[in-house]
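# Close look at the chain arrangement
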Amino acid sequence: MKYQTVIAGFGGQGSVFLVKVLALCAGNRDLKFLGTENHGMSQRGGAVSCDIKIGDFANPVIDRGQADLLIGLDANEALRNLQLLKEGAHVVSNAQEPFPEGLPFQVHTIDANARALAGEFPIQGLNVFMLGVTLATVPDFPFSVEEIETALRQINAKVADQNIEVLHHAIEDARGN
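Let us look at the structure shown here.

Thresholds applied
Throughout this document, residue positions are counted from 1 along each chain, in the order its sequence is written. This being a predicted model, a pLDDT of at least 70 is required before a residue's local features are given, and a value of 80 or more before pairs of side-chain atoms are given or counted; all residues contribute to the totals for chains, interfaces and linings. Excluded from the side-chain calculations are hydrogens and water; all other atoms, namely the structure's heavy atoms, are used. In summary, the pairing rule links any two rings of Phe, Tyr or Trp, Trp by its six-membered ring, whose centres are within 6.5 Å, and it sorts them by plane angle into stacked for under 30 degrees, edge-to-face for over 60 and tilted for everything else. Each residue gets one of three labels from its accessible area relative to the maximum for its type: buried under 20%, exposed over 50%, partly exposed in between, using a 1.4 Å probe on protein chains only. Strands here are runs of E lasting at least two residues and helices are runs of H or I lasting at least four, both read from the DSSP assignment and numbered beginning at the N terminus. By this rule the span expected of a helix is its residue count minus one, scaled by 1.5 Å. Put simply, a salt bridge is a Lys or Arg side-chain nitrogen that is within 4 Å of an Asp or Glu carboxyl oxygen. Definition used in this section: a nonpolar core is a set of buried Ala, Val, Leu, Ile, Met, Phe, Trp, Tyr and Cys residues joined via side-chain atoms within 4.5 Å. Residue contacts follow a heavy-atom distance rule, with two residues in contact if any of their heavy atoms lie within 4.5 Å.

## Here we look at the packing of aromatic side chains
Here the structure, examined in full by the defined rule, presents 3 aromatic pairs. On the basis of an interplanar angle of 10 degrees and a centroid distance of 4.4 Å, the ring pair of Phe121 and Phe129 is categorised as stacked. Note on accessibility: Phe121 and Phe129 belong to one class, buried. Centroid distance Phe141 to Phe143: 6.2 Å. Interplanar angle 80 degrees. Geometry classified as edge-to-face.

## Description of helix α4 (residues 126–137)
Counted at 1.5 Å a residue, the expected span for α4 with its 12 residues is 16 Å, and the 16 Å between its end C-alpha atoms agrees. Every buried residue belonging to α4 is among Leu126, Asn127, Val128, Phe129, Met130, Leu131, Gly132, Val133, Thr134 and Leu135, and all of these are buried.

## Comments concerning the pattern of salt bridges
Tallied over the full model, the rule gives 6 salt bridges. The salt bridge involving Arg29 is made with Glu147; its shortest N-O contact spans 2.6 Å. Of the two residues, Arg29 is situated in the loop between α1 (15–28) and β2 (33–40) and Glu147 in helix α5 (residues 145–155); the sequence distance between them amounts to 118 residues. Its relative accessible area of 33% is what places Arg29 among the partly exposed residues. For Asp68, the salt bridge identified is with Lys86, shortest N-O distance 2.6 Å. Here Asp68, found in strand β4 (residues 67–72), pairs with Lys86, found in strand β5 (residues 85–94); they are 18 residues apart in sequence, far enough to count as distant. With relative accessibility at 35%, the residue Lys86 sits in the partly exposed group.

## Let's talk about the nonpolar core
Counting 40 residues, the largest nonpolar core has Phe129, Phe141, Ile148 and Leu167 as the members making the most contacts within it. Contributing elements (two or more residues each) for this core: β1 (3–10), α1, β3 (47–54), β4, α3 (112–117), α4, α5 and α6 (157–176). Of all the elements, α4 adds the most residues to this core, at 7 residues. When neighbours within four sequence positions are excluded, Phe141 is seen to be in contact with Tyr3, Leu22, Leu69, Leu131, Thr134, Leu135 and Ile148. Residues Ala8, Leu84, Val91 and Phe99 belong to the second largest nonpolar core, which totals 15 residues.

As C-alpha cells, this is what we get:
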C-alpha cells in the first residue's frame with residue numbers, strides 16, 4: 001500500500017495530533033510511515049501543513065500532484081495546498097462555502113466550525129471531527145473506524161471517549177449530508 005495525505009490548517013487546530021493518530025494506525029499494522037510538519041509555523045495561528053506517507057517512501061515531503069487526500073482543517077489552508085493533490089484525489093475540508101466547481105478532485109466540504117459553535121462537539125475536537133468526516137466520505141482511506149479508535153485510546157486514554165464520541169458524530173453527520 002502507498003497512500004499520501006496532506007493535513008492543512010493552522011497552529012492550534014491539531015494537525016500534528018492527526019499525524020500521531022495516523023502514525024499509530026500504521027504502526028499497529030506494521031506499515032511503513034513517514035510524517036512531518038513541513039510548512040509554516042506550528043505556533044497558534046501560523047499556517048501548518050503536515051505530510052503523511054504510508055508505504056515504502058524514502059522522503060517524507062509530498063510533491064506537487066502526488067497526494068491522494070487533503071484534509072483541510074481550514075478552508076483557506078486547504079485551498080493553498082490543492083496543488084499537492086493528484087487528479088482524482090479526495091479533499092475533505094472544513095468550509096463555510098463550497099469549493100470552486102470544476103476541480104479535478106472529489107471534494108467534500110462541511111462547516112465544522114458552525115457545528116462546534118452550535119455545541120455539537122467541543123471546538124478542540126475539530127481535528128477529530130474532520131477525521132470522522134474523512135472516514136465517512138473517502139472510500140479508499142487506509143484505516144478503519146476501529147483502528148482510529150484504538151489509536152485515540154493509545155494517545156490519551158483520558159480524553160479518548162470524548163474524541164471517539166466526536167468521531168462517531170462526524171461520521172453520522174457526514175453520511176447524512
